[in-house]
Amino acid sequence: MRLQIRIGILIACVAVLHCGPRSGDGAGPVRPESLKQRNERMAWWRDARFGLFIHWGVYSVPAGEYRGRPVDGIGEWIMNNAHIPCAEYRRYAKRFNPVRYDPDAWVRLAKEAGMKYIIITSKHHDGFALFDSKATEWDVVDATPYGKDLLKPLAEACGRHGLRLGFYHSQAQDWNHPGGSAIGGHWDKAQDGDMDAYIRDIAVPQVREILSNYGPVSVIWWDTPEGMTKERAEAFLPLLDLQPGIIQNNRLGGGYEGDTETPEQYVPATGFPGRDWETCMTMNDTWGYKKSDQNWKSARTLVRQLVEAASKGGNYLLNVGPTSEGLIPEPSVERLKAIGRWTRVNGEAIYGTQASPFRSLEWGRCTQKSVPGGTRLYLHVFDWPADGKLTVSGLRNRPKTAFLLSDPDRSALPVERIEDALVVTLPSAAPDTAASVVVLEIQGKPEVVETPDMASDFTSFTDSLDVTIAPPGRGFDVRYTLDGSAPSISSAKVKGPVRLRETTTVSARCFRGGRPASGVTRRTYEKIAPVPAVTRTGAAPGLAVSLYEGEWSVLPDFRKLRPLRRGTAADFDIAGRRTDDKFGFVFEGFVRVPATGLYAFFTESDDGSRLLIGEKPVVVNDGLHGMEERRGEIALGAGLHPIRVEFFEKTGEEGLVVSWLGPGLPKQRIPGEALFR
Ligand code: H79
């Protein structure tokens, strides 16, 4: 994994810390702007909620294969992942001939799916421009048999069909122009050069072109912030004046936070409170076309991701990777059409909505909209209740009406108050297996009492466990039961941590004025038998360590490989052991557990790692990634336990930290004193 990713994470963290209205200094706006102006500028985007991402370029020719062999990783990275020399990569352009490109059909398909905007790669990290660039010959007009600008007809089609258009433009990486490989890797002399010169001579002129020659451009989607200094970023900012009202994401770098957060390939747990955000997501595992990748998400998963993003106040930018002929792969077309069947019925519950007023709902998600005198809650039911009763817990408002969005007559569904909850009676069959939307209109703004918080260090235990239960706010009593039943006014009141000694289901609920005020938080904590310690006489301090060489993207089966070297190590520290790429370590020995109880183990590694106690994998932290921590739990008896940590590094930076925590033991690196061989 590479340094730039860490820098990227750092920048992302700084960007999050900087949230709030745009300030006047370098970390904030392009131009000073009032909150009202900002809201006006962002309004269409906030309403849109759903867009199409298009990753298209010369990488669709190799389509994931180089010299007859599949290349690991995402398709648009093939040049970098396989270290294809520039001259050789450029030859793929001779076979980039999208004669079947039908931009009108693409835009109609996006519209049919319910999308409101399209973001297309004007240029990805391979530097290939999909437009007629005067700054280079490495573009569709000069380098391909097709010879025509691809963006212009798409821009026109967007105009005809009323969709907004934006450009993804890789401003900081360009593996086919000198100076563009300063941060993305470097494997060919032709890439030598100065990044500042690259930005001045290629990147800035190209951004000027795409913001000048294609009519209205609503979004500029920078990628990636790594390597971008404040000065480099500032070279682009004046160009934004070419498109008044343009929205830019947070990946320009140089300390500029941009308008939108851009979680890639996930929907963030709680959204980004106070910030606009957009999840970008692939339908399979690649952005650029890769013919071997058939790992498609179901249409139902995609619909639910759209709902999930909207329920947290964010947008969903769903990707397609067209072929070199200019076709959107059929599995993508099918899914877009299926999503369209859903949005045609349920779009009202997505567009122009606000995030859910509920922290969580057992059966699905919620979005909301203000209406005169009240609020429309859109209840997206994922798990249709078997008893036909949809319970919306902790909701204090009076109900006005309820109906199914799929019901053309909008016939009223019965709604009743049962204690803290509004309960909607539903027909027996779910109208849609992806998500069925029940509209519940209430008076006023939603007033929700959340269920109590329940916290403990572990989810299982060996002797006893303390569970802390807290109300979600002031003015509530919290009562609990330990038999799985819903707490009533006669249940025990929470006065301090609840100590468990057996496997127990803890249920807690808020009360106010002698009545239930919230739904129930319910968790089961399991008592488990600790793994007994092993006996081992004459154990020496330290660990056995083996070094392996090889290029992996996931942990190999080291037991089948021959180590290059074997030796001993005082602990799991790899600093100074190896600094190049493509290697792996296996540490083996025993860990002395000071007291019987539940232990959490952690590995933080770059790239993948795994920790086993005995034969049991406790921490699985596999795959290519930057420093990333994973946790696992196990119950252990006091004494020695076999421990094994496997680790590999493919490229760039490496790191491994192995930690634990247990009874009376705060989280810390496993010290050498606890390790034996
Ligand atoms: O355009 C898509 C990606 O190509 C781009 N962003 C989305 C929208 C992107 N550029 N950089 N990154 C994402 C982050 C870097 C990922 C990497 Fe890797 C991990 C680079 C090296 C290791 C992925 C895995 C690419 C090559 C191997």
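Along every chain, residues carry numbers that run from 1 in the direction the sequence is written. In keeping with the model being predicted, local features are shown solely for residues with a pLDDT of at least 70 and side-chain atom pairs are shown and tallied solely at 80 or more, while totals for entire chains, interfaces and linings include all residues. To obtain the side-chain values, all non-hydrogen atoms of the structure were used and water was disregarded.

Describe the domain arrangement of the chain, listing the residues and the values that go with them.
Taken domain by domain, the chain holds domain 1 (49-349), domain 2 (364-443), domain 3 (453-527) and domain 4 (543-676). Spacing between the C-alpha centres of domain 1 and domain 4 amounts to 38 Å. Domain extents, as shown, originate in an automatic or database domain assignment.

Lay out the pairing of strand β31 (residues 616-621) in plain terms, naming residues and giving numbers.
Strand pairing is assigned whenever DSSP identifies at least 2 bridges connecting the two strands. For the purposes of this entry, the term helix denotes a DSSP run of H or I that reaches at least four residues, the term strand denotes a run of E that reaches at least two, and both are numbered from the N terminus. Sheet topology note: the strand β30 (residues 609-613)/β31 ladder contains five bridges and is antiparallel. Paired with Ser-609 across the bridge in β31 is Asn-621. Turn length for the β30-β31 hairpin, with the two strands adjacent in sequence and antiparallel, is two residues, and the turn residue Gly-614 shows positive phi of about 60°.

Tell me about the nonpolar core, and please be specific about residues and values.
Residues enter a nonpolar core if they are buried and are Ala, Val, Leu, Ile, Met, Phe, Trp, Tyr or Cys, with the set joined through side-chain atoms within 4.5 Å. The classification of residues rests on relative accessible area computed with a 1.4 Å probe and restricted to protein chains. Under 20% of the type maximum is buried, over 50% is exposed, and intermediate values are partly exposed. Within the largest apolar cluster, 101 residues are counted, with the highest numbers of intra-cluster contacts made by Tyr-89, Ile-118, Leu-211, Phe-236, Leu-318, Leu-336 and Trp-342. Shared between two domains, this core takes at least three residues from each, and those domains are domain 1 (49-349) and domain 2 (364-443). Residue contacts follow a heavy-atom distance rule, with two residues in contact if any of their heavy atoms lie within 4.5 Å. Every residue in contact with Leu-336, bar those within four places of it in the chain, is listed here: Leu-52, Leu-109, Ala-113, Met-115, Met-283, Leu-318 and Val-320. Counting 29 residues, the second largest nonpolar core, distinct from the first, contains Phe-583, Val-593, Val-618 and Leu-665.

Hey, could you go over the site of the ligand for me, with residue numbers and the actual values?
Looking at the ligand, there are 17 residues lining it, with His-55, Glu-76, His-124, His-125 and Asp-223 nearest. The contact in question runs from an oxygen atom of the ligand to an N or O atom on the side chain of Tyr-168, over 3.4 Å. Considering only residue class, the shell around the ligand consists of seven nonpolar, five polar and five charged. A cutoff of 4 Å decides nearness: a residue is near a molecule or strand if any of its heavy atoms lies inside that distance of it. We define a polar contact as two N or O atoms separated by no more than 3.5 Å, with the added condition that, inside protein, one atom must be a possible hydrogen donor and the other a possible acceptor, whereas residues neighbouring each other in sequence contribute only through side-chain atom pairs. Polar here means any residue outside two lists: the nonpolar Ala, Val, Leu, Ile, Met, Phe, Trp, Tyr, Cys and Pro, and the charged Asp, Glu, Lys and Arg; Gly therefore counts as polar.

Help me get a handle on the sheet that holds strand β13 (residues 389-392), residues and values and all.
Adjacent strands of a sheet form backbone hydrogen bonds with each other and so pair up, either parallel or antiparallel. With respect to topology, three strands assemble into an open sheet ordered β13-β16-β15, the strand pairing being antiparallel. Only two strands of the sheet have a single partner each, and these edge strands are β13 and β15 (415-418). Across this sheet, the average inter-strand angle for adjacent strands is 30°, counted without regard to direction. As judged from the four bridges shared by β15 and strand β16 (residues 421-425), these two strands associate in the antiparallel manner. Paired with Arg-417 across the bridge in β16 is Leu-422. Axes here refer to lines fitted to C-alpha atoms; in helices the fit is confined to the stretch in contact. Angles between the N-to-C directions go from 0 to 180 degrees.

Requested: an account of the packing of aromatic side chains, with residues and values cited.
In this description, an aromatic ring pair is defined by two values, namely the gap between the centres and the angle between the planes. By convention, a stacked pair of Phe, Tyr or Trp rings (six-membered ring in the case of Trp) has centres within 6.5 Å and planes under 30 degrees apart, an edge-to-face pair has planes over 60 apart, and any other such pair is tilted. The tally for this structure, following the rule as stated, stands at 28 aromatic pairs. Ring centres of Phe-131 and Tyr-214 lie 6.3 Å apart, and the angle between their planes is 80°; this geometry places the pair in the edge-to-face category. Taken as a pair, Phe-131 in the loop between β4 (117-123) and α6 (140-143) and Tyr-214 in the loop between α8 (195-212) and β6 (219-222) lie far apart in primary sequence, 83 residues in all. Each member of the pair, Phe-131 as well as Tyr-214, is classed as buried. Measuring from centroid to centroid gives 5.7 Å for Tyr-168 and Trp-221, while their planes differ by 20°, and the two rings are stacked.

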